[in-house]
Amino acid sequence: MYKIRTYNTISVKGLNRFSREDYEVASELPHPDAFLIRSQKLHDMEFPETLKAIGRAGAGVNNVPLERCIEQGIVVFNAPGANANAVKELVLAGMLLGSRDIYAGMKFVESLDQQDGLDPLLEKEKKRFAGTELIGKTLGVVGLGNIGSLVANMGLALGMKVIGYDPAISVEAAWRLSSDVEKMDNLNSLFGRADYISLHLPVLDATRGLVSDNLLSGVKPSLVLLNFARGEIVDNSAIVRALDDGRMHRYVSDFPANDTLRHPGILQMPHIGASTGEAEENCAIMVADQLMDFLENGNIANSVNFPNIALPRTTPVRVTITNRNVPKVLNQITAIIAEHDINIVDMLNKSRADLAYNIIDLEACPTDDSLDALRSIEEVINVRVLGSCQYR
Ligand SMILES: NC(=O)C1=CN([C@@H]2O[C@H](COP(=O)(O)OP(=O)(O)OC[C@H]3O[C@@H](n4cnc5c(N)ncnc54)[C@H](O)[C@@H]3O)[C@@H](O)[C@H]2O)C=CC1
Ligand SMILES: O=C(O)CCC(=O)C(=O)O
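Residues numbered from 1 in each chain as written. Chains lettered and ligands numbered in written order. Predicted model: local features only at pLDDT ≥ 70, side-chain atom pairs only at ≥ 80, totals over all residues. Heavy atoms only, no water.

When helices and strands are tallied, the protein chain shows 13 helices and 16 strands. With 392 residues in all, the protein chain has 46% of them scored as buried. A total of about 19100 Å² of accessible surface is found on the protein chain, and carbon and sulfur atoms cover 51% of it. Averaging the positions of the 38 positive and the 50 negative side-chain charges in the protein chain gives two centres separated by 5 Å. (Helix = DSSP H or I, 4+ residues; strand = E, 2+ residues; numbered from the N terminus. Buried < 20%, exposed > 50% of the residue type's maximum accessible area, 1.4 Å probe, protein only. Areas by Shrake-Rupley, 256 points an atom, 1.4 Å probe, with all protein chains shown as cover. Lys, Arg positive; Asp, Glu negative; His and termini not counted. Charge placed at Lys NZ, Arg CZ, Asp CG, Glu CD.)

Rendered as C-alpha cells:
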C-alpha cells in the first residue's frame, strides 16, 4: 500500500485517481511515500525517511527546497501548463481593472442608499470612473512559458501590440507563441515601451527583486503592471514610490503584502490566479498520474529536479537507483548485479545536472546481499525495488 500525504485543498478528481486498493491518501498520515501539495511551504519541514516524491499541483516550486530534495533523492514533480488558462483569464480581468475604474465604481455604487435621485447622481458621478481601452496599446510580457505565451497571444487577439522578453524560452513555448509577438532582448526597453506589463517568470535567485527602482525609472505614467507570478519578483517599496510620484498608473497583484495593503494605486487579490475548478482538477490529475507512475513503475515525467525518463515494463521486477552524477557508478551497479548472477533484461540511465537515475528490469528478484552492495556504493543515494518483490 502506497501512502500519499496531502496538504492544501486538492481537487477530488485528482485524489480519486489513486485506487483504494493500492493507495492510502490523507492529510494526516505517518510514513508517507509522497506528498501532494499546492502552496504549502516545505522549506522548514524535516522530511520523513519514507518520502520518495513530492507532487506540486501547480507550476511554481519555490515553496519546495529543491536542493535538499536532490541531496535526499526525492523527486519533485509539478504540473506544467495545467493552470495556465486560469491565470491568463485573470490577467485579462486585471488588465481591465487596471485601465477602467471598475473596482472604485462598484464600491461607489455599493455605498449608496436607496433614494429618489439615483439616476442623476450616477450620471453626475460616473466621470470619476472613466478609463482607457486596451486596443492599440502595447503589452509587455516577461516570461513566455506556459502562461506568458497564452497572455501574449491573448493581447494580440485584443488588438494590442505585444512585446515579449524571455532569455530562456523553451522550444515548445516558442512554437506556441505567435510570430506577431515582438521579441525583446532587453528588459529595460520593454519596461520603457509598454502600457501594460504582465510578469510570468518564476522566482529564482536571479529574479528576486527584479522589478526595482531601476526598471521603474523609465516607464510610462500610464503603466499598469500586473504580477500574477510571485510577490518576491517585485520590490514593493519601489512600486509604492513610483505610484506616489505619479510615474506609473496601477499595480495589479495576486500577492498582497503588508507594505502594499490599502494603497489606492494597488489592486490586489488573495493568490487566486489558479483558483478555478478546471485548473485545480487539471493540476491534481496531472500530478496524481505522475506520482502513481513513479511509485509503481519508477518512471518520471515533469520533474523539476530529476531527469524525465520512462521505460516500458519488461519484467515484473524493477529496480531504480538514484546516484550522484559522477563517472563509473553505472559500471559498479552492473558489476554488482552480474556478480549476483541476476540477468538484466532492460535498463535506462539518464542524468540531469548533479543527479543520475537508472531503471533496471531484472529477470529475478535481487537478493538482500545484492541490494546491500548496491546501497553501499558511495555515490548511490537510494535504491528502490518495485513489483513483485517489494520486500525491502
Ligand atoms: N498566481 C498564480 O496562482 C500562479 C502563479 N504562477 C507563477 O507563474 C510562474 C510562471 O508559470 P508558467 O508560465 O506556468 O511557467 P513556465 O515554466 O512555463 O514559464 C516560465 C518562463 O519564465 C522564463 N524565465 C525564467 N527566467 C526569466 C527571466 N529572468 N526573465 C524572463 N523570463 C524568464 C522561462 O524561460 C520560462 O519560459 C510560475 O513560476 C509561478 O510562480 C503559476 C501558476 C499560478
Ligand atoms: O495552487 C495554487 O492555488 C497556487 C498556484 C500557483 O501559484 C502555481 O501554480 O504556481
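Tallied over the full model, the rule gives seven aromatic pairs. Ring geometry for Phe 35 against Phe 47: centres 6.1 Å apart, planes inclined by 70°, an arrangement best described as edge-to-face. With Phe 35 in strand 3 (residues 34-37) and Phe 47 in the loop between strand 3 and strand 4 (53-56), this pair connects stretches of sequence that are twelve residues apart. Between Arg 128 and the ring centre of Phe 108, over which it is positioned, the NZ or CZ distance is 5.2 Å. Positioned above the aromatic ring of Phe 294 is the side chain of Arg 384, whose terminal nitrogen or guanidinium carbon lies 4.7 Å from the ring centre. (Phe/Tyr/Trp six-rings, centres within 6.5 Å; stacked < 30°, edge-to-face > 60°. Lys NZ or Arg CZ within 6 Å of the ring centre and 35° of its normal.)

For the rest of this paragraph, the subject is the packing of helix 3 (residues 84-99) against helix 6 (residues 146-157). The packing of two helices is summarised by the inter-axis angle and the distance between the axes. The contact between helix 3 and helix 6 brings their axes to 9 Å, and the two run at 45°. Regarding the angle of helix 3 to helix 6, the classification is oblique. As for how helix 3 packs across helix 6, the hand of that crossing is right-handed. Of the residues in helix 6, those in contact with Ala 84, Asn 85, Val 87, Lys 88, Val 91, Leu 92 and Met 95 of helix 3 are Asn 146, Ile 147, Leu 150, Val 151 and Met 154. Looking at the contact of helix 3 with helix 6 residue by residue, the classes come out as nine nonpolar, two polar and one charged. (Axes fitted to C-alpha atoms, helices over the stretch in contact; angles between N-to-C directions. Parallel < 35°, antiparallel > 145°, perpendicular 65-115°, else oblique. Left-handed = near helix turned anticlockwise from the far one by under 90°. Contact = heavy atoms within 4.5 Å. Nonpolar A, V, L, I, M, F, W, Y, C, P; charged D, E, K, R; others polar.)

This part is about the environment of Ser 253. Examined against the element boundaries, Ser 253 turns out to sit in strand 11 (residues 250-253). With 13 residues separating them along the chain, Ser 253 and Ile 266 place their C-alpha atoms 7.5 Å apart. If we skip the residues at most four places from it in the chain, Ser 253 touches Asn 227, Leu 267, Gln 268 and Met 269.

A separate point is the site of ligand 2. Taken together, Arg 38, Ser 39, Arg 56, Gly 58, Ala 59, Gly 60, Asn 83, Arg 230, His 271 and Ala 274 are the residues near ligand 2. Arg 56 has a polar side-chain atom sitting 3.3 Å from an oxygen atom of ligand 2. One nitrogen or oxygen atom from the main chain of Gly 60 is found 2.7 Å from an oxygen atom belonging to ligand 2. Surface burial for ligand 2 is 89%, taken as the share of its 290 Å² of free accessible area covered by protein chains. A breakdown of the residues in the shell around ligand 2 according to their chemical character gives two nonpolar, five polar and three charged. (Near = heavy atom within 4 Å. Polar contact = N/O pair within 3.5 Å; in protein donor to acceptor, adjacent residues only side chain to side chain.)

Within the open sheet, the four strands sit side by side as 14-15-13-16. Their pairing is antiparallel. In this open sheet, the two edge strands, each paired with only one partner strand, are strand 14 (344-352) and strand 16 (380-387). Direction aside, the axes of adjacent strands within the sheet are offset by 15° on average. Relative to strand 15 (residues 355-362), strand 13 (residues 317-324) is paired through eight bridges, and the arrangement is antiparallel. What sits directly across from Val 319, in strand 15, is Ile 360. Contacts from helix 11 (residues 277-297) reach strand 13, strand 15 and strand 16 within the one sheet, and its direction differs from that of strand 16 by about 90°. (Pairing = 2+ DSSP bridges.)

This paragraph deals with the UniProt feature "domain: ACT" (unreviewed entry) in the protein chain. Under the UniProt annotation, the feature "domain: ACT" (unreviewed entry) is placed at residues 318-388. With 27% helix and 45% strand, residues 318-388 has end C-alpha atoms that lie 9 Å from one another. (UniProt positions renumbered as here; feature names shortened; annotations may be inferred.)

Around ligand 1 sit 27 residues, and of these Asn 146, Ile 147, Asp 166, Phe 228 and Asp 254 come closest. Within the backbone of Phe 228, a nitrogen or oxygen atom sits 3.2 Å from a nitrogen atom of ligand 1. One of the side-chain N or O atoms of Arg 230 is found 3.4 Å from an oxygen atom in ligand 1. A total of 860 Å² of accessible area belongs to ligand 1 in isolation, and the protein chains cover 85% of it. Here the shell around ligand 1 is built from residues that sort into 15 nonpolar, nine polar and three charged.

In this section: the sheet that holds strand 10 (residues 224-227). The sheet built from seven strands is open, its strands ordered 8-7-6-9-10-11-12 with parallel pairing. Sheet topology places strand 8 (182-183) and strand 12 (266-268) at the edges, where each strand pairs with a single neighbour. Summarising the sheet, strand 9 (residues 196-199) and strand 10 pair through four bridges and their orientation is parallel. Its bridge partner lying in strand 10, Leu 199 is registered against Asn 227. The strands that helix 6 touches are strand 6 (138-142), strand 7 (161-165) and strand 9; relative to strand 6, the one it contacts most, it runs at about 170°. The sheet strands contacting helix 10 (residues 236-244) are strand 10, strand 11 and strand 12, and the helix crosses strand 11 at an angle near 145°.

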